[in-house]
Amino acid sequence: DQQVKQNSPSLSVQEGRISILNCDYTNSMFDYFLWYKKYPAEGPTFLISISSIKDKNEDGRFTVFLNKSAKHLSLHIVPSQPGDSAVYFCAASLDFGNEKLTFGTGTRLTIIP
Amino acid sequence: DAGITQSPRHKVTETGTPVTLRCHQTENHRYMYWYRQDPGHGLRLIHYSYGVKDTDKGEVSDGYSVSRSKTEDFLLTLESATSSQTSVYFCAISDQLAGDNEQFFGPGTRLTVL
């Protein structure tokens, strides 16, 4: 049972445009959400996170939106750059102090120059 | 970057042989994790540790065991490797005191079971 879902395995976006990556979850007990970025042959690296008490968190070009009623979060990258080409994973945990993360299946983002 | 190393980085083995993967950290973080990454499944938690000699199962723990005798080392053992355990294995660490649930990942070990 996949509790965190990323329904788009891949996404291509023109350089300079907005990239929107989506993530849905089924467990209403999830309380904290994170996005990770992964380049080939490397481990994932943390990108941005959001607590369920917020509906938006912004860090430079990256913004994460959370819609708790829809059990949906999205990552916006503006403007998209070639270095953003990677696999993006969303992850969720049951609460802020809970160290276990449940990951989605990932979305491969390709930025077209 | 968090100080996490994994060894070996690549391994090819035969079905039925035992395999041990090592994760070593220099950050003194309390929590350590083992994940496997497979196409269509993302990252799945195998086992994790919340302290020396304290471990627990993740969602795909069958066929795997772990040990943590020191804060800095977390070993993953495949007692009798099977082809279904061909995967990329990632170790991760975290520290609750860091203020969020962020986990730091190692570079990965690519394991092929023939």
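Residues numbered from 1 in each chain as written. Chains lettered and ligands numbered in written order. Predicted model: local features only at pLDDT ≥ 70, side-chain atom pairs only at ≥ 80, totals over all residues. Heavy atoms only, no water.

Side note on the pattern of salt bridges
Residues and elements named next belong to chain A. A complete count under the given rule lists 7 salt bridges over all chains for this structure. A salt bridge links Lys-37 to Asp-84, with the nearest nitrogen and oxygen atoms 3.9 Å apart. Within this pair, whereas Lys-37 is found in strand β4 (residues 32-38), its partner Asp-84 is found in the loop between β8 (72-77) and β9 (86-93), the two being separated by 47 residues in sequence. Note on accessibility: Lys-37 and Asp-84 belong to one class, buried. A salt bridge links Lys-56 to Glu-58, with the shortest nitrogen-to-oxygen separation between them at 4.0 Å. For Lys-56, a relative accessible area of 42% puts it in the partly exposed group. Among the charged side chains, a salt-bridge network with shared partners connects Lys-37, Arg-61 and Asp-84. (Salt bridge = Lys/Arg side-chain N within 4 Å of Asp/Glu carboxyl O. Helix = DSSP H or I, 4+ residues; strand = E, 2+ residues; numbered from the N terminus. Buried < 20%, exposed > 50% of the residue type's maximum accessible area, 1.4 Å probe, protein only.)

A look at the packing of aromatic side chains
Under the criterion given, the structure shown has 13 aromatic pairs over all chains. Between A:Tyr25 and A:Phe30, the ring centres sit 6.2 Å apart and the planes meet at 65 degrees, which makes this aromatic pair edge-to-face. You'll find A:Tyr25 and A:Phe30 in the same group, each marked buried. Ring centres of A:Tyr25 and A:Phe33 lie 4.7 Å apart, and the angle between their planes is 40 degrees; this geometry places the pair in the tilted category. Of the two residues, A:Tyr25 and A:Phe33, neither departs from the other in class, the shared state being buried. Counting every residue linked through ring pairs, the aromatic cluster contains A:Tyr36, A:Phe46, A:Phe89, A:Phe103, B:Tyr33, B:Tyr35, B:Tyr48, B:Tyr50 and B:Phe105. (Phe/Tyr/Trp six-rings, centres within 6.5 Å; stacked < 30°, edge-to-face > 60°.)

Structural notes on the interface of chain B and chain A
Opposite the 24 residues of chain B that make contact, chain A presents 21 residues. Each partner contributes to the roughly 1800 Å² buried at the junction of chain B and chain A, and carbon and sulfur atoms together form 55% of this total. Linking chain B with chain A are 0 salt bridges, by the criterion used here. At the boundary of chain B and chain A, one finds 1 residue pair in polar contact (both at pLDDT 80 or more). Secondary-structure elements contributing two or more residues to the side of chain B that touches chain A are β4 (31-38), β5 (42-51) and β9 (87-94) of chain B. When grouped by side-chain class, the residues that make up the side of chain B that touches chain A number 9 nonpolar, 10 polar and 5 charged. (Contact = heavy atoms within 4.5 Å. Buried area = accessible area lost by both parts, 1.4 Å probe. Polar contact = N/O pair within 3.5 Å; in protein donor to acceptor, adjacent residues only side chain to side chain. Nonpolar A, V, L, I, M, F, W, Y, C, P; charged D, E, K, R; others polar.)

Overview of the state of the cysteines
Scanning the model with the defined rule gives 2 disulfides over all chains in all. One disulfide bridge connects A:Cys23 with A:Cys90, the sulfur atoms lying 1.9 Å from each other. Between A:Cys23 and A:Cys90 the sulfur-sulfur dihedral comes to about 65 degrees; the bridge is accordingly right-handed. Taken together, the positions of A:Cys23 in strand β3 (residues 19-25) and A:Cys90 in strand β9 put the pair 67 residues apart, joining distant regions of the chain. Look at A:Cys90 and you get buried, because its relative accessible area is 0%. Two residues, B:Cys23 and B:Cys91, share a disulfide whose sulfurs are 1.9 Å apart. Because the torsion about its S-S bond is -70 degrees, the bridge between B:Cys23 and B:Cys91 counts as left-handed. With a gap of 68 residues between them, B:Cys23 in strand β3 (residues 19-25) and B:Cys91 in strand β9 connect regions that are remote in the sequence. Like B:Cys91, B:Cys23 is buried. (Disulfide = S-S within 2.5 Å.)

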